[in-house]
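Below, each chain spelled out in residue letters.
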Amino acid sequence: LSNYLDYYIECKLNDFELNKISKPTFTKYKTIRKILNEFQNFKCRSYKIEEVNKDFIKEIEVYCKNELNYNINTLGRFIKFIKTIILHAKEEKDIQVSKDLSKIQGYTTKVKKITLNFEELEIIENLTFTNDYLENARDWLLIGCYTGQRVSDLLNFTKQNIVNVQGTELIQIKQTKTNKDVSIPIHSKVQKILNKRNGNFPRKITDQKFNLYIKEVCKIANLNELTNGILFNSETKI
């Protein structure tokens, strides 16, 4: 399995260089290779391609939930990517695979969208932490809320992304998912964090750790009340 993962990534590198697949997709394949190899280390054994069966999937699901804090939809997409790789081995190299491979399916489920209002953001902003990693994650959360950027872009902000355009400082990035160049005005709340950190953004962390840490932050802030809302429909405008 490990050897084929390396081969698969090499194949996808060619596709990436020819613009046949996007950077986020290529990055996902590299992430899958990393996690699968870590899983094998965790289990203290190596797996063959034909051993990727329903039992294997159940075990790696437990690993991803417990060790990586994967949510249900991230896990479902992860399983889908694993199956894609194993099917590639079967179709391209005629490698024997598990007979129950067809029963392995990716999945998604509807989850409640979690939002924070300005009063809650104010509570989070005014929290005092004894652990630096929570303050670091809190600052990323506030920057994310006041810039409206996806985690894949947010956590890559650096001082070099700040530019001055006609006397106005902006955050300029190329969005990972859309590949679009965007310029984001620096909100006063974001500027306050930058000032505190000598003009720098918070310390970079992985999106998995970010998701884990902000749950701790919101727990400390006692933000545990469910609030019902509506989802705006871009077609009906209501």
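Definitions and limits used
- Numbering of residues starts from 1 in every chain and runs along the sequence as written.
- Totals for whole chains, interfaces and linings use every residue, but because this is a predicted model, local features are given only for residues with pLDDT of at least 70 and side-chain atom pairs only at 80 or more, for both listing and counting.
- Remark: hydrogens and water are excluded; side-chain values derive from all non-hydrogen atoms of the structure.
- Among buried residues, the Ala, Val, Leu, Ile, Met, Phe, Trp, Tyr and Cys ones that are joined through side-chain atoms within 4.5 Å form a nonpolar core.
- When accessible area is computed with a 1.4 Å probe and restricted to protein chains, residues below 20% of their type maximum are described as buried, those above 50% as exposed, and intermediate ones as partly exposed.
- Strands are runs of DSSP state E lasting at least 2 residues, helices are runs of H or I lasting at least 4, and numbering of each runs from the N terminus.
- Throughout, a contact is declared for two residues whenever any of their heavy atoms are within 4.5 Å.
- A side-chain nitrogen of Lys or Arg and a carboxyl oxygen of Asp or Glu constitute a salt bridge if their distance falls within 4 Å.
- Patch criteria: residues need more than 30% relative accessible area and no salt bridge. Like-charged residues are merged within 9 Å; nonpolar side chains of Val, Leu, Ile, Met, Phe, Trp and Tyr are merged within 5 Å.
- For accessible areas, the Shrake-Rupley method is used with a probe of radius 1.4 Å. Any residue's cover is judged against the shown protein chains and nothing else.
- Counted as positive: Lys and Arg. Counted as negative: Asp and Glu, with His and the chain ends omitted from the count.
- Working definition for charges: the position is that of NZ of Lys, CZ of Arg, CG of Asp or CD of Glu.
- Between any two strands, at least two bridges found by DSSP are needed for them to pair.
- Fitted lines through C-alpha atoms give the axes, limited to the stretch in contact for helices. The angle between two N-to-C directions lies from 0 to 180 degrees.
- Disulfide assignment relies on a single distance test, namely cysteine sulfur atoms paired within 2.5 Å.
- Angular relationships are summarised with four words: roughly parallel below 35 degrees, roughly antiparallel beyond 145, roughly perpendicular across 65 to 115, and oblique for the angles in between.
- For this classification, Asp, Glu, Lys and Arg are treated as charged, while Ala, Val, Leu, Ile, Met, Phe, Trp, Tyr, Cys and Pro are nonpolar and the rest, including Gly, are polar.

**Student:** Outline the nonpolar core, supporting the account with residue identities and numerical values.
**Tutor:** Ranked by internal contacts, the top residues of the largest apolar core, which has 33 residues, are Phe56, Ile60, Cys64, Phe78 and Ile82. Elements supplying a minimum of two residues to this core: helix H1 (2-17), helix H2 (23-43), helix H3 (54-68) and helix H4 (72-93). Aside from chain neighbours lying at most four places away, what touches Ile60 is Leu36, Phe39, Phe78, Ile79 and Ile82. Counting residues in each nonpolar core, the second largest holds 29 residues, with Phe157, Ile173, Leu194 and Ile214 among its members.

**Student:** So what's going on with the pattern of salt bridges? Residues and values would help.
**Tutor:** This structure, assessed with the given rule, holds 14 salt bridges. For the salt bridge of Lys196 with Glu135, the shortest nitrogen-to-oxygen distance reads 3.1 Å. Of this pair, Lys196 sits in helix H8 (residues 188-196) while Glu135 sits in helix H6 (residues 132-147), and the two are 61 residues apart along the sequence. Here Asp139 ties to Lys196 by a salt bridge, and the two come within 2.7 Å at their closest N and O atoms. Of this pair, Asp139 sits in helix H6 while Lys196 sits in helix H8, and the two are 57 residues apart along the sequence. Given a relative accessible area of 1%, Asp139 falls into the buried group.

**Student:** Any details on a positive patch on the surface? Residues and values, ideally.
**Tutor:** Residues Lys28, Arg77, Arg150 and Lys177 make up a contiguous surface patch of positive charge. Its relative accessible area of 62% is what places Lys177 among the exposed residues.

**Student:** Before we move on, can you summarise the environment of Ile86 with the specific residues and values?
**Tutor:** Residue placement: Ile86 occurs in helix H4. Residue Ile86 is classed as buried on the basis of its relative accessible area of 2%. Separated by 82 residues in sequence, Ile86 and Tyr4 place their C-alpha atoms 9.0 Å apart. Ignoring any residue separated from it by four or fewer positions in sequence, one finds Ile86 in contact with Leu1, Ile49, Val52, Val97 and Leu101.

**Student:** Talk me through the sheet that holds strand S2 (residues 168-174); I want residue IDs and the actual numbers.
**Tutor:** With respect to topology, three strands assemble into an open sheet ordered S1-S2-S3, the strand pairing being antiparallel. The two strands at the open ends of the sheet, each matched to only one other strand, are strand S1 (162-165) and strand S3 (181-185). Across the sheet, the mean angle separating the axes of adjacent strands is 40° when strand polarity is ignored. Pairing of S2 with S3 involves five bridges; the strand directions are antiparallel. Opposite Leu170, over in S3, you have Pro185 as the bridge partner.

**Student:** Any details on unusual backbone geometry? Residues and values, ideally.
**Tutor:** Among all residues save glycine, negative phi is the norm, and among peptide bonds the norm is trans. Even without being glycine, Asn19 reaches a positive phi, approximately 60°. Given the relative accessible area of 69%, Asn19 is considered exposed. The backbone of Asp94 shows a phi angle near 55°, a positive value even though the residue is not glycine. In this fold, Asp94 is placed in the loop between H4 and helix H5 (118-125). Overall, Asp94 belongs to the exposed group, its relative accessible area being 68%.

**Student:** Describe the state of the cysteines, naming the residues involved and giving the relevant values.
**Tutor:** Enumeration over the complete set of coordinates arrives at zero disulfides. Free of any disulfide, Cys44 has its nearest neighbouring cysteine sulfur in Cys64, separated by 17 Å. The thiol of Cys218 is unpaired, and the distance to the nearest cysteine sulfur, on Cys145, comes to 8.8 Å. Here Cys218 falls in the buried class, since its relative accessible area comes to 17%.

**Student:** Explain the packing of H2 against H3 to me, using residue names and the numbers behind them.
**Tutor:** The N-to-C vectors of H2 and H3 enclose an angle of 95°; their axes lie 11 Å apart at closest approach. Between H2 and H3, the interaxial angle falls into the category roughly perpendicular. Across the interface between the two elements, Ile35, Leu36, Glu38, Phe39, Phe42 and Lys43 from H2 touch Phe56, Glu59, Ile60, Tyr63, Cys64, Glu67 and Leu68 from H3. Partitioned by chemical class, the residues of the contact of H2 with H3 number nine nonpolar, no polar and four charged.

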